[in-house]
Amino acid sequence: VTLGGSPAGAAYVEKKHQAGASLAQWQGCSDAQEEDARTTCSKHIQEMTQPEIFSDCVFDMCRGGDESFAESLAEFFMPLEKSSI
C-alpha cells in the first residue's frame with residue numbers, strides 16, 4: 001500500500017511497522033517535555049499569529065522531532081505569510 005509522502009518517511013513508517021510499533025500507540029510528551037517543545041517552537045513560530053502551525057510543531061517535537069522540525073516549519077510557512085501581506 002502506498003500512502004504518499006517522501007521515500008524517507010515511507011521507510012521510517014515501514015521500519016516502525018516491521019518492529020511492531022503502532023502509530024496509534026505512539027505516546028506524547030510529559031508536561032515537562034511539552035513545555036520544552038513549546039519553548040523550542042516559540043523560537044521559530046509565533047503561537048498567536050500561527051496557532052495551527054505552532055500546535056503542529058509541538059506535536060512533532062513531542063513525537064521525536066528536534067529543533068530542526070521547528071526551523072523547517074518556520075521556513076516553509078514564512079514565504080506564505082509574507083506573500084499574503
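Please refer to the structure placed before this passage.
As the structure is a prediction and not an experimental result, all values here were calculated from the model.

A. Layout of the overall build of the protein. In terms of regular secondary structure, the protein is built from 4 helices and 0 strands. Ordering the α and β elements of the protein from the N terminus gives α-α-α-α. When each of the 85 residues of the protein is scored for burial, the buried share is 18%. Of the contacts formed within the protein by residues at least 6 apart in sequence, a portion of 48% connects residues at least 24 apart.

B. The nonpolar core, seen in detail. One finds A37, C41, I45, I53, F54, C57, V58, M61, C62, A70, L73 and A74 forming the largest nonpolar core, which totals 12 residues. Looking at this core, the elements that each hand over two or more residues are α2 (31-42), α3 (51-62) and α4 (67-83). It is α3 that provides the largest number of residues to this core, a total of 6 residues.

C. Seen up close, the state of the cysteines. For the coordinates displayed, the defined rule picks out 2 disulfides. The partner cysteine of C29 in its disulfide is C62, sulfur to sulfur 2.0 Å. A torsion of -120° about the S-S bond marks the disulfide between C29 and C62 as left-handed. Here the residue C29 occupies a position in the loop between α1 (7-18) and α2, and C62 occupies one in helix α3, the gap between them amounting to 33 residues. Overall, C62 belongs to the buried group, its relative accessible area being 13%.

D. α2, seen in detail. Taking 1.5 Å as the rise per residue, α2 with 12 residues should run 16 Å; its terminal C-alpha atoms sit 16 Å apart, in good agreement. Of the residues making up α2, those classed as buried are A37, T40 and C41. Seen along its axis, α2 keeps its buried residues to an arc of 95°; they face one direction. Along α2, the residues that are exposed and aim more than 90 degrees away from the buried face are D31, A32 and D36.

E. A look at the pattern of salt bridges. With the rule as written, the count across this model stands at 2 salt bridges. As a salt-bridge pair, K43 and E67 come within 3.8 Å of each other at their nearest N and O atoms. Here E67 lies in helix α4 and K43 lies in the loop between α2 and α3, a separation of 24 residues in the sequence.

F. Layout of the environment of Q33. Its location among the elements puts Q33 in helix α2. Sequence separation of Q33 and C62 is 29 residues, and the distance between their C-alpha atoms is 6.9 Å. Within polar-contact distance, the side chain of Q33 engages the backbone nitrogen of S30 at 2.8 Å.

Scoring rules and cut-offs
- Residues numbered from 1 in each chain as written.
- Predicted model: local features only at pLDDT ≥ 70, side-chain atom pairs only at ≥ 80, totals over all residues.
- Heavy atoms only, no water.
- Helix = DSSP H or I, 4+ residues; strand = E, 2+ residues; numbered from the N terminus.
- Buried < 20%, exposed > 50% of the residue type's maximum accessible area, 1.4 Å probe, protein only.
- Contact = heavy atoms within 4.5 Å.
- Core = buried A, V, L, I, M, F, W, Y, C linked by side-chain atoms within 4.5 Å.
- Disulfide = S-S within 2.5 Å.
- Expected span 1.5 Å × (residues − 1).
- Arc of directions from axis to C-beta.
- Salt bridge = Lys/Arg side-chain N within 4 Å of Asp/Glu carboxyl O.
- Polar contact = N/O pair within 3.5 Å; in protein donor to acceptor, adjacent residues only side chain to side chain.

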